[in-house]
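Fold and contact review
Take a look at the letters that make up each chain.
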Amino acid sequence: ARRLAALYAQLGDASVGLNTKKGLFDPGAVNPRLGFREADLALSLGTTLEVYLRDRLRLPTYRIFDQPYSARPLLANNHNGICFVSLEFNASGGHGTEALHYPLSVEGIRLSRILVEEITRTTGWRNRGVLARTLGELKHTAMPATTLEVCFVDNDAEIQSYVAKQHSIMLAIAVGIMRYLAGSR
């Protein structure tokens with residue numbers, strides 16, 4: 001409890017940013033066989049995670065939903081964020097969890113690694129590692145940022161596993177964010 005209190009004191013008014021990326025106009029990756037859409041999965045996960053971080057862990061959070069890529073870094077930067085996590089679901093026939101980070105962001109790399117470790121430890125899924133990318137939302141976000149590819153929406157077995165374990169996966173992401181924050185200041 002003391003460590004948590006010290007962490008909150010260090011954070012001050014800094015907040016954790018969540019981006020659910022896709023939205024009303026972009027369904028993202030889809031699994032037509034099972035009827036899953038990335039937009040729906042990311043929104044559900046992001047909403048649940050935001051409520052858990054804010055209400056259970058008392059972390060200031062904000063969520064960006066259905067905004068164009070170019071607007072996301074500006075919106076994130078306006079919230080005094082300590083880290084920014086974009087939630088996505090991969091596609092194209094693979095399996096496992098991976099995260100993307102901006103190549104020059106040491107803290108973005110650390111955040112990405114921690115989140116992938118927590119999810120793969122919880123699920124037993126393949127750890128696909130962390131990949132450097134120069135996406136605008138990773139490059140232009142003032143705080144450490146990652147795009148977390150939770151699992152493959154078009155892999156029937158994996159997405160069914162996600163649905164069965166989604167609460168545990170949300171908790172794994174929350175633990176990962178807390179682990180990251182505990183080592184950040």
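Residues numbered from 1 in each chain as written. Predicted model: local features only at pLDDT ≥ 70, side-chain atom pairs only at ≥ 80, totals over all residues. Heavy atoms only, no water.

A few points about the side chain of E149
What counts is decided by this rule: In this text, helices come from DSSP runs of H or I with a minimum length of four residues, and strands from runs of E with a minimum of two, each type numbered from the N-terminal end. With a 1.4 Å probe rolled over the protein chains alone, any residue whose accessible area is under 20% of its type maximum counts as buried; one over 50% counts as exposed, and the rest are partly exposed. The term polar contact refers here to a pair of N or O atoms within 3.5 Å; inside protein, the definition further demands a hydrogen-donor-capable atom paired with an acceptor-capable atom, and it admits residues adjacent in sequence only when both atoms are side-chain atoms.
The topology assignment puts E149 in strand β8 (residues 145-152). In this structure E149 comes out as buried when scored by relative accessible area, which is 7%. Within polar-contact distance, the side chain of E149 engages the backbone nitrogen of N90 at 3.1 Å.

Topic: the side chain of T123
For clarity, the threshold we go by: Residues count as neighbours in contact if any of their non-hydrogen atoms are within 4.5 Å of one another.
The topology assignment puts T123 in helix α4 (residues 106-123). Engagement of the side chain of T123 in a polar contact is seen with the backbone nitrogen of W125, the distance being 3.1 Å. Among all residues touching T123, those that are not within four sequence positions of it are K165 and I169.

A few points about the packing of aromatic side chains
Rules: Two rings belonging to Phe, Tyr or Trp (six-membered ring only in the last case) form a pair when the distance between their centres is within 6.5 Å. Interplanar angles under 30 degrees mark stacking, angles over 60 mark edge-to-face geometry, and anything in between is tilted.
Under the definition given, this model contains two aromatic pairs. An angle of 80 degrees between the planes, with centres 5.0 Å apart, marks the rings of F89 and Y162 as edge-to-face. Here Y162 lies in helix α6 (residues 156-182) and F89 lies in strand β5 (residues 81-90), a separation of 73 residues in the sequence. Comparing F89 with Y162, the two get one shared label, buried.

What about the sheet that holds strand β4 (residues 61-64)?
Spelled out, the test is: Following DSSP output, two strands are said to pair if at least two bridges run between them. To get an axis, a line is fitted to the C-alpha atoms, and for a helix only the part in contact is used. The angle between two axes follows their N-to-C directions and goes from 0 to 180 degrees.
What the six strands build is an open sheet, ordered β4-β1-β5-β8-β6-β7; its pairing is mixed. Of all the strands in the sheet, the pair left with one neighbour each is β4 and β7 (127-132). Strand-to-strand, the axes of this sheet are offset by a mean angle of 20 degrees, without reference to chain direction. Looking at chain direction, strand β1 (residues 15-19) and β5 are connected through five bridges and run parallel. In the sheet register, G17 faces β5, and the bridge partner there is F84. Lying over the sheet, α4 contacts β5, β6 (97-101), β7 and β8, oriented at roughly 170 degrees with respect to β6.

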